Amino acid sequence: METPSTPSPPPWEALILIVNYLDPKTLATASCVSKSWYSSMSSDHIWEPILATHFPSLFYLPPSAAAPFRRLFAVGHTAATLRRMKPSKPSLSLSDLVFAISISTRDSPVVSMARPCDALGVDHPGVFRFVVDCDGAVLSEGVEEVKVTWNVVLKGWRGVFTMMECEKKVGFVSGGEGWLSQELPAPGCCANTVASAVVADLKVGMFGGSDGKVRVNKVSVGVLSVMDWRYVGVEDGLRYLQHFLLTCNAL
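Residues numbered from 1 in each chain as written. Predicted model: local features only at pLDDT ≥ 70, side-chain atom pairs only at ≥ 80, totals over all residues. Heavy atoms only, no water.

(A) Structural view of the sheet that holds strand 6 (residues 142-154). Taken in spatial order, the four strands line up as 2-1-6-7 in an open sheet, and their pairing is antiparallel. Whereas interior strands pair on both sides, the edge strands pair on one side only; in this sheet they are strand 2 (109-116) and strand 7 (159-172). Within the sheet, the average angular offset between the axes of one strand and its neighbour, ignoring direction, is 10 degrees. Bridging between strand 6 and strand 7 involves 13 bridges; their strand directions are antiparallel. In the strand pairing of strand 7, Val152 is matched with Phe161. (Pairing = 2+ DSSP bridges. Helix = DSSP H or I, 4+ residues; strand = E, 2+ residues; numbered from the N terminus. Axes fitted to C-alpha atoms, helices over the stretch in contact; angles between N-to-C directions.)

Here it is in structure tokens:
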């Protein structure tokens, strides 16, 4: 009885005809079969139209800077995959944080508080904006120069990040609301030179009595995206903060 012979691989000419009908994933898989298949399925002639279709910006790189078309497609595909990936869950939670807020005029303190973040009122579910009820100082109506500081403290004083530290004029009016904002730094080594596209947002709510005095009764704080001027989600806010709080804690 004859032993079945091992089928011989298709000739090189046949491979060249086949590869023109294969998608990029199949081409990459087939190129791992053998050295001859790798050579047949890695030529610029095959990958040139594929790269031009999927990643035209990489296709038109200057010739002196260009790598083989197969390599450029792999780089573009990796970048696109990373861009579509959902971010990982933040390592921080609201229960890890304390908000320390101080507001004062030149003459006297207006609000001074430190509250666990998870005990604050959430303005909208899932949004990184919180409302703090307070019993602020009694002030006369008018415009005042105020100094505002908002620190986020990692419980146990294991880290502190300053969300806002500024001096601005605020109009204290019965039933009014004072608004302050400050651009936040970008995470990483370029924190002091690159904008992050988010700002710290703080609003001061007021009410007044018949005596013409104004009292601060609530403060709201949050993080706004400058791309659409909406508050970021809780997870996005926590992911931002962990770049500063957890990195500093590890040093």
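(B) Structural view of helix 4 (residues 44-54). Among the residues of helix 4, Ile46, Trp47, Ile50 and Leu51 are the ones counted as buried. Looking straight down helix 4, one finds that the buried residues subtend no more than 110 degrees of arc, so they occupy a single side. Seen from the open side of helix 4, the exposed residues pointing more than 90 degrees away from its buried face are His45 and Thr53. (Buried < 20%, exposed > 50% of the residue type's maximum accessible area, 1.4 Å probe, protein only. Arc of directions from axis to C-beta.)

(C) Seen up close, the environment of His243. Along the chain, His243 falls in helix 7 (residues 234-250). Residue His243 is classed as partly exposed on the basis of its relative accessible area of 44%. Separated by 55 residues in sequence, His243 and Gly188 have C-alpha atoms that sit 7.3 Å apart.

(D) Here's a closer look at helix 6 (residues 69-84). The first and last C-alpha atoms of helix 6 sit 23 Å apart over 16 residues, in line with the 22 Å expected at 1.5 Å per residue. For helix 6, every residue scored as buried is listed here: Phe69, Leu72, Phe73, Gly76 and Ala80. Down the axis of helix 6, the buried set is contained in an arc of 100 degrees. They therefore lie on one face. Relative to its buried face, helix 6 has exposed residues pointing more than 90 degrees away, namely Arg71 and Leu82. The secondary structure elements touched by the buried residues of helix 6 are helix 2 (24-30), helix 4 and helix 5 (56-59). (Expected span 1.5 Å × (residues − 1). Contact = heavy atoms within 4.5 Å.)

(E) Representation of the pairing of strand 4 (residues 129-133) within the structure. Two elements, strand 3 (residues 121-122) and strand 4, share two bridges in a ladder whose sense is antiparallel. Each residue of the ladder has a partner; that of Val122, found in strand 4, is Phe130. The loop that links strand 3 with its antiparallel partner strand 4 comprises six residues; one of these, Gly126, has a positive phi angle of about 80 degrees. Sheet topology note: the strand 4/strand 10 (residues 213-225) ladder contains five bridges and is antiparallel. Counted as the bridge partner of Phe130 is Val221 from strand 10.

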